[in-house]
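Structural overview
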Amino acid sequence: MKYLIFMIFICFSSLVAAELPVYELSIKDHRFYPESLEIPAGTKVKLLVKNQDATPEEFESHQLNREKIIAGNSEATIYIGPLDPGEYGFFGEFNEATAQGKIIVE
Amino acid sequence: MLGPSVIVFREVLEAALVITILLAATRGLTGRNRWIGGGVTAGVIGAVIIAFFAGSIADAFEGIGQELFNAGVLFFAVLMLAWHNIWMSSHAREMVANLKQVGNEVTSGELPFYFLSTAAGLAVLREGSEIVLFLYGIAASGEGAAQMTFGGVLGLAGGITVGVLLYSGLLRIPTTSLFRVTGWLILLLAAGMAATASGYLSQAGLLPSFAPLWNTSGFLSEHSVIGQLLHILIGYQARPTAIDLGFYFGTLILIGTGMYLISKQKFRHASHSRIF
């Protein structure tokens, strides 16, 4: 039963995910590229974070209430929004000194 | 050097507090150290394995494997804590009576220790795998091994110290009310975990994301030491959404009702047998 509910969830999520706008973010040398990303207000978007470093990084944002570990040389999907206009900071917890960025919602 | 210790401290803190509360909640029970210790050991081993497979876990289920894993671990821990609390609500009285009799060996009765073991293990598992990944990252980026080890040990010691402080504080509570206090602590701990789990589900896109209902981060940030302590202990979130609150209070009400019904049933049973 639990498995069934789980599968329904997965199918549902992939249906929903298919229509979402995708934004890409890269991590290289413990920095985010771009460091500032613009997304539309009031829309749910799919954030594709590509970690090009060999070391793992944790994408974290208090404002967005998100945290996700991205293994070295791999990519991760994070869903954010719908959000109100404004700036939402994020950082890489494992390399906080350099890995800083923000999402600008317009 | 300070970087590793701060991050390790943050991760250790959560596991340390959960274990501390479990230890206080089982005070005086024979075999509890072995069971909780066993859970912690299994958690550490599991954390290393999870860290090793982090990449494949994250890629699973179309890139939301990590969220499902975290939410699953948290919900399972909530279930274990709920089970413990409901069991305790029908046995706390006997345990208090036993503890008060000096020299009388306390037996664990039929307390199913494996769920405490599991809860302790799960707390270590989730936080531990993050520590392993983080330290691996530092090691790979070439920072000195000695510095990394020192920072890690410092963070570990800090986290355990806070746990020990809380434990000695809890032990000052008179035996008669100790289990009531730990019962409340576990209840709030479980509710906070359920709210965190719902956050992972909305990050995965399985639950809708709503704007936070309020924002108290200016007043008390979750990133501050006190904010983080409260986040672990009572589930404090600076920007809770309606879904977070729903999961929080839903868990609170479900476990609370279970505890109430079981303790009432027990009481009725006890008075019934007294009459006959």
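Before going into details, it helps to say that this report is about the structure given with it.

About the cut-offs
- Residues numbered from 1 in each chain as written.
- Chains lettered and ligands numbered in written order.
- Predicted model: local features only at pLDDT ≥ 70, side-chain atom pairs only at ≥ 80, totals over all residues.
- Helix = DSSP H or I, 4+ residues; strand = E, 2+ residues; numbered from the N terminus.
- Buried ≥ 20, exposed ≤ 12 C-beta atoms within 10 Å, placed from the backbone.
- Contact = placed C-beta atoms within 7 Å.
- Pairing = 2+ DSSP bridges.
- Axes fitted to C-alpha atoms, helices over the stretch in contact; angles between N-to-C directions.
- Nonpolar A, V, L, I, M, F, W, Y, C, P; charged D, E, K, R; others polar.
- Expected span 1.5 Å × (residues − 1).
- Left-handed = near helix turned anticlockwise from the far one by under 90°.
- Parallel < 35°, antiparallel > 145°, perpendicular 65-115°, else oblique.

As for the overall build of chain B
Broken down by element type, chain B carries nine helices and zero strands. When the elements of chain B are put in sequence order from the N terminus, they spell out α-α-α-α-α-α-α-α-α. Sorting the 276 residues of chain B into buried and exposed places 45% on the buried side. Pairs at least 24 apart in sequence give 83% of the contacts found in chain B among residues at least 6 apart.

Re the sheet that holds strand S4 (residues 45-51) of chain A
Across a sheet, strands are paired by hydrogen bonds formed along the backbone, either parallel or antiparallel in direction. Residues and elements named next belong to chain A. Taken in spatial order, the four strands make up an open sheet running S2-S1-S4-S7, and their pairing is mixed. A strand with exactly one partner marks an edge of an open sheet, and here the two such strands are strand S2 (31-33) and strand S7 (74-80). The sheet shows a mean angle of 25 degrees between the axes of neighbouring strands, taken without regard to direction. One ladder, built from seven bridges, connects S4 with S7; its direction is antiparallel. The residue bridging Leu47 from the neighbouring strand is Ile78, located in S7.

What about the interface of chain A and chain B?
Interface extent is often summarised as the accessible area lost during association of the parts. Taken together, the contact between chain A and chain B spans 27 residues of the former and 27 residues of the latter. For the side of chain A that touches chain B, a count of residues per class yields 14 nonpolar, eight polar and five charged.

Focus: helix H7 (residues 175-203) of chain B
Residue and element names in this part refer to chain B. Taking 1.5 Å per residue as the helical rise, H7 with its 29 residues ought to reach 42 Å, and the 42 Å between its terminal C-alpha atoms agrees with that figure. Burial analysis of H7 places 22 of its 29 residues in the buried class, the great majority of the element. Once H7 finishes, Gly205 follows within two positions and takes phi at roughly 80 degrees, a positive value.

Quick notes on the sheet that holds strand S6 (residues 66-70) of chain A
All names here are of chain A. Read across the sheet, five strands follow the order S3-S9-S8-S5-S6 without closing on themselves; strand pairing throughout is mixed. Edge positions in the open sheet fall to strand S3 (36-39) and S6, since each of these has one partner strand only. Ignoring which end each strand starts from, the neighbouring axes of this sheet average 20 degrees apart. Examined bridge by bridge, S3 and strand S9 (residues 100-105) share four bridges and lie parallel to one another. Bridging across to S9, Leu37 finds its partner in Ile103.

A short note on the environment of B:Gly121
Residues and elements named next belong to chain B. By the element assignment, Gly121 lies in helix H5 (residues 114-140). For Gly121, a count of 27 C-beta atoms within 10 Å puts it in the buried group. C-alpha of Gly121 to C-alpha of Ala77: the two residues are 44 residues apart in sequence and 9.0 Å apart in space. Beyond its immediate sequence surroundings of up to four residues, Gly121 is in contact with Gly39, Val40, Ala42, Gly43 and Gly46.

Considerations on the pairing of strand S5 (residues 57-61) of chain A
All names here are of chain A. Burial within S5 is extensive, with four of its five residues counted as buried. Of the strand pairs in this sheet, S5 and S6 are connected by five bridges, and their pairing is antiparallel. Bridge pairing in S6 places Ser61 opposite Arg66. Alignment of S5 against strand S8 (residues 86-92), held across two bridges, turns out to be antiparallel. Across the sheet, the residue bridging to Phe59 is Gly92, located in S8.

Quick word on the environment of B:Pro208
Residue and element names in this part refer to chain B. Residue placement: Pro208 occurs in the loop between H7 and helix H8 (225-234). Residue classification places Pro208 among the partly exposed residues on the basis of 14 C-beta atoms within 10 Å. For the pair formed by Pro208 and Arg27, sequence separation is 181 residues and the distance between their alpha carbons is 42 Å.

Remarks on the packing of helix H2 (residues 32-52) of chain B against H5(B)
Residue and element names in this part refer to chain B. Between H2 and H5, whose axes approach to 7 Å, the crossing angle comes to 35 degrees. Judged by the twist between their axes, the crossing of H2 over H5 is right-handed. Of the residues that constitute the contact of H2 with H5, the class distribution is 17 nonpolar, nine polar and no charged.

A few points about the packing of H5(B) against helix H6 (residues 145-171) of chain B
The axes of two packed helices give the description: the angle between them and the distance between them. Residues and elements named next belong to chain B. At their nearest, the axes of H5 and H6 sit 10 Å apart, and the two run at 160 degrees to each other. Taken together, the axes of H5 and H6 are roughly antiparallel relative to one another. By crossing handedness, the relation of H5 to H6 is classed as right-handed. Here Leu135, Ile138 and Ala139 of H5 lie close against H6, whose contacting residues are Ala145, Met148 and Gly152.

Note that all results are geometric; they support no functional claim without further evidence.
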